[in-house]
Amino acid sequence: VDELQAQLADVQSQEGLVAELRERVERTEHEMRDKAAQFHHVKTELEGRLQQQQQLAAKNRQYLESVGRRKMVASNALQNAVSELRSRRRETEEMSSGLE
């Protein structure tokens, strides 16, 4: 009888250990699900931010290309105007020297 009571106590303590291990497993699984959900949330948020930054970079690139084209057009216009003024000055100088 003592031996059976000892075995019963041993089985009961093992059942307690099994129950404790099950609780730990459930807690760990719950924590893992929480962390997976957090990871998914952060990943989604970072992907959204990346997309916004890529769109902003594309807009900035378009703006810079537009500014570059406008600067080139303005530069060409100024260069043409300077050439025209130099040409007129030469003509004026030639006319002046012809009058002298």
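Values in this document were obtained by computation on a predicted structure and should not be read as measured data.

Undergrad: I would appreciate a short explanation of the overall build of the protein in the present structure.
TA: When helices and strands are counted, the protein shows 1 helix and 0 strands. Scaling as 2.2 N^0.38, a compact globule of 100 residues should have a C-alpha radius of gyration of about 13 Å, whereas the protein reaches 43 Å, well beyond that. Buried residues in the protein amount to 0% of all 100 residues. For the protein, the exposed area adds up to about 9700 Å²; of that, 55% sits on carbon and sulfur atoms.

Undergrad: Looking at this model, I keep getting lost on the environment of G16. Mind explaining?
TA: Relative to the assigned elements, G16 resides in helix α1 (residues 2-99). Each C-alpha atom of the pair G16 and A58 lies 62 Å from the other, and the pair is 42 residues apart in sequence.

Undergrad: For this particular structure, what's the right way to read the pattern of salt bridges?
TA: Side chains that differ in sign of charge can pair as their charged atoms come close. Counting across every chain of the model gives 2 salt bridges. E45 serves as the salt-bridge partner of R49, at 2.8 Å between the closest nitrogen and oxygen. In this pair, R49 and E45 are both assigned in helix α1, 4 residues apart and thus about one turn of the helix distant. Residue classification places R49 among the partly exposed residues on the basis of a relative accessible area of 47%.

What counts and what doesn't
Residues numbered from 1 in each chain as written. Predicted model: local features only at pLDDT ≥ 70, side-chain atom pairs only at ≥ 80, totals over all residues. Heavy atoms only, no water. Helix = DSSP H or I, 4+ residues; strand = E, 2+ residues; numbered from the N terminus. Rg over C-alpha atoms; globule rule 2.2 N^0.38 Å. Buried < 20%, exposed > 50% of the residue type's maximum accessible area, 1.4 Å probe, protein only. Areas by Shrake-Rupley, 256 points an atom, 1.4 Å probe, with all protein chains shown as cover. Salt bridge = Lys/Arg side-chain N within 4 Å of Asp/Glu carboxyl O.

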